[in-house]
Amino acid sequence: NAGVTQTPKFQVLKTGQSMTLQCAQDMNHNSMYWYRQDPGMGLRLIYYSASEGTTDKGEVPNGYNVSRLNKREFSLRLESAAPSQTSVYFCAILYRGRDGELFFGEGSRLTVL
Amino acid sequence: KQEVTQIPAALSVPEGENLVLNCSFTDSAIYNLQWFRQDPGKGLTSLLLIQSSQREQTSGRLNASLDKSSGRSTLYIAASQPGDSATYLCAVRRYAGGTSYGKLTFGQGTILTVHP
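Draft legend 1. Broad picture of the interface of chain A and chain B. Across the contact, 22 residues belong to chain A and 21 residues belong to chain B. Roughly 1600 Å² is buried in total at the junction of chain A and chain B, and carbon and sulfur atoms are behind 49% of that figure. Run the count over chain A and chain B and you get one salt bridge. Note that glutamate 106 of chain A and lysine 42 of chain B form a salt bridge whose closest N and O atoms lie 3.8 Å from each other. Run the count over chain A and chain B and you get four residue pairs in polar contact (both at pLDDT 80 or more). Contributions of two or more residues to the side of chain A that touches chain B are made by strand S4 (32-38), strand S5 (42-49), strand S9 (87-95) and strand S10 (101-104) of chain A. Broken down by element, the residue count for the side of chain A that touches chain B peaks at four residues, all from S10 of chain A. Counted by class, the side of chain A that touches chain B contains nine nonpolar, six polar and seven charged residues.

Draft legend 2. Quick look at the state of the cysteines. Counted according to the given criterion, the structure contains two disulfides over all chains. At a sulfur-sulfur separation of 1.9 Å, the disulfide partner of cysteine 23 of chain A is cysteine 91 of chain A. As the torsion about the S-S bond is roughly -70 degrees, the cysteine 23 of chain A-cysteine 91 of chain A disulfide counts as left-handed. Separated by 68 residues along the polypeptide, cysteine 23 of chain A in strand S3 (residues 19-25) and cysteine 91 of chain A in strand S9 bring together distant segments of the chain. The exposure class assigned to cysteine 91 of chain A is buried, which follows from its relative accessible area of 0%. Covalently, cysteine 23 of chain B is tied to cysteine 90 of chain B through a disulfide, its sulfur atoms 2.0 Å apart. When the S-S torsion is 75 degrees, as for the bridge of cysteine 23 of chain B with cysteine 90 of chain B, the disulfide is right-handed. Of this pair, cysteine 23 of chain B sits in strand S3 (residues 19-25) while cysteine 90 of chain B sits in strand S9 (residues 86-94), and the two are 67 residues apart along the sequence. By the burial criterion, cysteine 23 of chain B is buried, and cysteine 90 of chain B matches it.

Rules used throughout
- Residues numbered from 1 in each chain as written.
- Chains lettered and ligands numbered in written order.
- Predicted model: local features only at pLDDT ≥ 70, side-chain atom pairs only at ≥ 80, totals over all residues.
- Heavy atoms only, no water.
- Contact = heavy atoms within 4.5 Å.
- Buried area = accessible area lost by both parts, 1.4 Å probe.
- Salt bridge = Lys/Arg side-chain N within 4 Å of Asp/Glu carboxyl O.
- Polar contact = N/O pair within 3.5 Å; in protein donor to acceptor, adjacent residues only side chain to side chain.
- Helix = DSSP H or I, 4+ residues; strand = E, 2+ residues; numbered from the N terminus.
- Nonpolar A, V, L, I, M, F, W, Y, C, P; charged D, E, K, R; others polar.
- Disulfide = S-S within 2.5 Å.
- Buried < 20%, exposed > 50% of the residue type's maximum accessible area, 1.4 Å probe, protein only.

What follows is the structure, given as structure tokens:
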């Protein structure tokens with residue numbers, strides 16, 4: 001998927017546990033995004049980062065934190081996981097040189113019990 | 001607020017048929033529209049991107065058209081194959097001006113099944 005790597009691919013957590021989803025790109029693009037996908041809700045933007053060191057909230061940021069320490073990596077952290085955060089999480093990068101085309105990673109499937 | 005609707009929600013066709021998937025949007029002030037394919041348990045794969053100034057884009061058996069004034073896009077798949085079975089999503093990016101990229105709004109998708 002166009003050089004976007006997400007880890008882990010699967011994770012099961014108990015309510016209240018914390019974890020970090022990692023996303024790394026190998027294409028040196030500035031803009032990176034975190035989405036969640038839920039049945040009947042479609043894809044919703046959690047956070048995005050327009051460039052290294054900057055982050056902004058999307059539609060559903062509550063319960064999440066992000067970190068963009070370098071150009072290559074953008075992480076999503078759940079500080080105290082809740083069952084409502086059971087979802088499939090996708091990282092995406094925006095390819096400015098291709099008119100803003102968006103490329104996605106394979107996804108991270110998270111279950112919170 | 002931009003709303004993106006995809007019709008039909010599901011479509012089942014025999015192999016070899018030509019088919020059309022529809023995407024409609026409520027706000028015509030768009031920057032571009034992108035069509036994706038998603039296989040079960042996988043991420044989204046970009047198929048075609050149409051700029052607001054363009055009328056259509058083609059890639060192999062796929063052709064996407066855009067009528068911005070009427071708020072519609074169609075994805076045409078020629079000579080469908082079982083391997084085309086997947087969920088197809090369209091996403092509309094709002095025009096933000098300058099060098100900024102506006103918000104991207106996704107449709108709910110059309111689940112396509114092509115049976116042999």
